[in-house]
Amino acid sequence: MSNHGKSTERFVSHLTRNTVALILAGGRGSRLKDMTNWRAKPAVPFGGKCRIIDFPLSNCINSGIRKIGILTQYKADSLIRHIMQGWGFLRGEFGEYVDLMPAQQRHSEHDWYLGTADAIYQNIDILRHRNPEFILVLAGDHIYKMDYGAMLADHVDNNADLTIGCLEVPLQDAREFGVMHVDDDRHVIDFIEKPENPPVMPGRTDTALASMGIYVFNADFLFEQLIKDADTPGSSRDFGKDIIPAVIDKYRVNAYPFLDLQGGQSYWRDVGTIDAYWKANMELIGIKPDMNLYDKTWPIWTYQEQTPPAKFVFDDDDRRGQAIDSMVSGGCIVSGAKVKHSLLFSKVRVNSYSLVEDSVILPEVNIGRHCRIKKAIVEKSCEVPEGTIIGENRADDERRFHVSPGGVVLVTPEMLGQRLHYVR
């Protein structure tokens, strides 16, 4: 339903049926440091069993959008395997698909995707052949739940050429975003990337509208603008820097605030730094987290291999397998160790007399005996040696690992002297 009550469910389902969603998933995500040395940011594990890209993909499926393209580029192997294993359940005979659209140098023998707009421009012939009425452009690297059907309905209700999904953010935070300057009817008057003095929302003094990187375009309008941009010398081929500023004065561009049923800001997280990634995972452990993974009405779909139930063994006073205020995934064994306020992904083993606290442990990690690990992210497949202490002495941690500004210790196999990736 539209936020304004003008659209029936049947109307919304017509809109979603005639929409192609394009998820931009080619980014490296360099602010996640070593976590993206061997995988694209959308492929980074999140929430105990998911990957980041599962959130926009699940939003599409739950919204009734079942024509989806994923534009890949940087170190996409694990992302591609995840999509092939977990997202092959759509039925082609019903016109449903999740297609991988890697950079193929279709328009030039030399150019990979040069920017967000160029990534779509390089696939314009494919998109035209599929003849959508609307194109929904999404980032593949944010954590949130959103009904795109409501945004599509708002787009049509307002006769817009382009609608931009927006967050309400405090003015001091708006300097890190592209910010909308809007009038009382939510028409975008100006769009400023990372402004020093962000424009406030109408009727507010301390809040700005920041772009979520989510766009609804009328398809023909988007194709026209992409061609125009490709012919513009000096363009960086980017939606925020080039496409949006070029259309504001001539066309109808609307802002769509992403609000909950009470009119407050809905949950949305950019997990693009080590501190933000750690914090967002820690939030999931809370008694009533804002991001509820147990919500049956809006499930987050993913692929995870079949694993046995988590197991906690030994019950001696000094050797008791237990997890407190934690999330523990399938295949884990907590063997005579203590896990406190932590998130364990699948097939993690924590051995006797060890303590894991305030930490995110990615899949297939083995933590040896007599270890103490606090406020850390331990990367996939790490073999943590017996007696290792992490998170108690910053200077010591900085010599061996990466320590974030917020004091989160990132541990990877390479930092432990384990070579999982071989490069000649």
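See above for the structure.
Keep in mind that this is a model prediction, so the values were computed, not measured.

A. Molecular detail of the nonpolar core. Ranked by size, the top nonpolar core spans 41 residues in total, and within it Leu 57, Ile 68, Leu 138, Met 146, Tyr 148 and Ile 214 carry the most contacts. Residues contacting Met 146, with those up to four places away along its chain left out, are Asn 59, Ser 63, Met 151, Met 212, Ile 214, Tyr 256, Phe 258 and Trp 298. Grouped together as the second largest cluster of nonpolar side chains are 39 residues, Ile 120, Ile 164, Met 201 and Phe 239 included.

B. Here's a closer look at the sheet that holds strand β18 (residues 327-328). Pairing is mixed in the open sheet, where six strands are placed in the order β18-β21-β24-β27-β31-β30. The open sheet has two edge strands, β18 and β30 (402-403), and neither has a second partner.

C. Helix α2 (residues 54-63), seen in detail. Of all 10 residues in α2, nine are buried; the element is thus mostly enclosed. Positive phi appears at Gly 64, one or two residues downstream of α2, with a value of about 90°.

D. Representation of the pattern of salt bridges. According to the stated counting rule, one finds 20 salt bridges in the structure shown. Between Asp 315 and Arg 320 there is a salt bridge, and its shortest N-O distance comes to 2.4 Å. Look at Arg 320 and you get partly exposed, because its relative accessible area is 29%. Through salt bridges with shared partners, a single network forms among Arg 31, Lys 41, Asp 141 and Asp 270.

E. Region of interest: the sheet that holds strand β22 (residues 349-350). The strand order across the open sheet formed by five strands is β14-β19-β22-β25-β28, and the pairing between neighbours is parallel. Two strands in the sheet have a free side with no partner beyond their single neighbour: β14 (311-313) and β28 (383-384). Inspection of the sheet shows β14 paired to strand β19 (residues 333-335) by three bridges, in the parallel sense. Bridge pairing in β19 places Phe 312 opposite Val 334.

F. Representation of the packing of aromatic side chains within the structure. Tallied over the entire structure, the rule returns 11 aromatic pairs. Ring centres of Phe 89 and Trp 301 lie 6.4 Å apart, and the angle between their planes is 45°; on these two criteria the pair is classed as tilted. Placement of Phe 89 in the loop between α3 (77-86) and β5 (97-102) and of Trp 301 in the loop between α10 (274-283) and β14 is noted, with a sequence separation of 212 residues between them. The partly exposed category is assigned to Phe 89, whose relative accessible area is 40%. Taken together, Tyr 215, Phe 217, Phe 221, Phe 239 and Tyr 251 form an aromatic cluster joined through their ring pairs. Over the ring of Tyr 97 we find Arg 130, and its NZ or CZ is 4.6 Å from the ring centre.

G. Summary view of the side chain of Arg 39. Secondary-structure assignment places Arg 39 in the loop between β1 (19-24) and β2 (45-46). Here Met 35 takes part through its backbone oxygen, which lies 2.9 Å from a polar atom of the side chain of Arg 39. Side chain to side chain, Arg 39 and Glu 379 meet in a polar contact 2.6 Å long. Among residues more than four places away in sequence, those in contact with Arg 39 are Arg 28, Val 44, Pro 45, Tyr 74, Lys 75, Ser 78, Leu 362, Glu 379 and Lys 380.

H. Inspection of the environment of Tyr 256 at higher detail. The topology assignment puts Tyr 256 in strand β12 (residues 253-257). Residue Tyr 256 is classed as buried on the basis of its relative accessible area, which comes to 5%. C-alpha of Tyr 256 to C-alpha of Pro 56: the two residues are 200 residues apart in sequence and 17 Å apart in space.

I. Spotlight on the packing of helix α8 (residues 219-230) against helix α9 (residues 239-247). Contact pair α8 / α9: the axes reach a minimum separation of 11 Å and the direction vectors enclose 115°. Our classification of the angle between α8 and α9 gives roughly perpendicular. Read as a crossing pair, α8 and α9 show a hand that is right-handed. Contact with α8, carried on its side by Phe 221, Leu 222, Gln 225, Leu 226 and Asp 229, involves Phe 239, Asp 242, Ile 243 and Val 247 of α9 and no other residues of that element. Taken together, the residues of the contact of α8 with α9 sort by class into six nonpolar, one polar and two charged.

J. A look at the state of the cysteines. What the rule picks out here adds up to zero disulfides. You can see Cys 50 has no disulfide; the closest cysteine sulfur is in Cys 332, sitting 14 Å from it. Free cysteine Cys 166: the closest other cysteine sulfur is in Cys 60, separated by 18 Å.

K. Summary view of the side chain of Gln 418. Looking at where Gln 418 falls in the secondary structure, it is placed in the segment after β31 (409-411). If we ignore the near neighbours within four places in the chain, the residues touching Gln 418 are Ser 381, Cys 382, Glu 383 and Pro 413.

L. Highlighting unusual backbone geometry. Positioned with a positive phi, Asn 131 is a non-glycine residue whose angle comes to about 55°. Its location among the elements puts Asn 131 in the loop between α5 (124-130) and β6 (134-139). By relative accessible area, which is 63% here, Asn 131 ends up exposed. The phi angle at His 370 is positive, at roughly 55°, despite the residue not being glycine.

Conventions and cut-offs
Residues numbered from 1 in each chain as written. Predicted model: local features only at pLDDT ≥ 70, side-chain atom pairs only at ≥ 80, totals over all residues. Heavy atoms only, no water. Core = buried A, V, L, I, M, F, W, Y, C linked by side-chain atoms within 4.5 Å. Buried < 20%, exposed > 50% of the residue type's maximum accessible area, 1.4 Å probe, protein only. Contact = heavy atoms within 4.5 Å. Pairing = 2+ DSSP bridges. Helix = DSSP H or I, 4+ residues; strand = E, 2+ residues; numbered from the N terminus. Salt bridge = Lys/Arg side-chain N within 4 Å of Asp/Glu carboxyl O. Phe/Tyr/Trp six-rings, centres within 6.5 Å; stacked < 30°, edge-to-face > 60°. Lys NZ or Arg CZ within 6 Å of the ring centre and 35° of its normal. Polar contact = N/O pair within 3.5 Å; in protein donor to acceptor, adjacent residues only side chain to side chain. Axes fitted to C-alpha atoms, helices over the stretch in contact; angles between N-to-C directions. Parallel < 35°, antiparallel > 145°, perpendicular 65-115°, else oblique. Left-handed = near helix turned anticlockwise from the far one by under 90°. Nonpolar A, V, L, I, M, F, W, Y, C, P; charged D, E, K, R; others polar. Disulfide = S-S within 2.5 Å.

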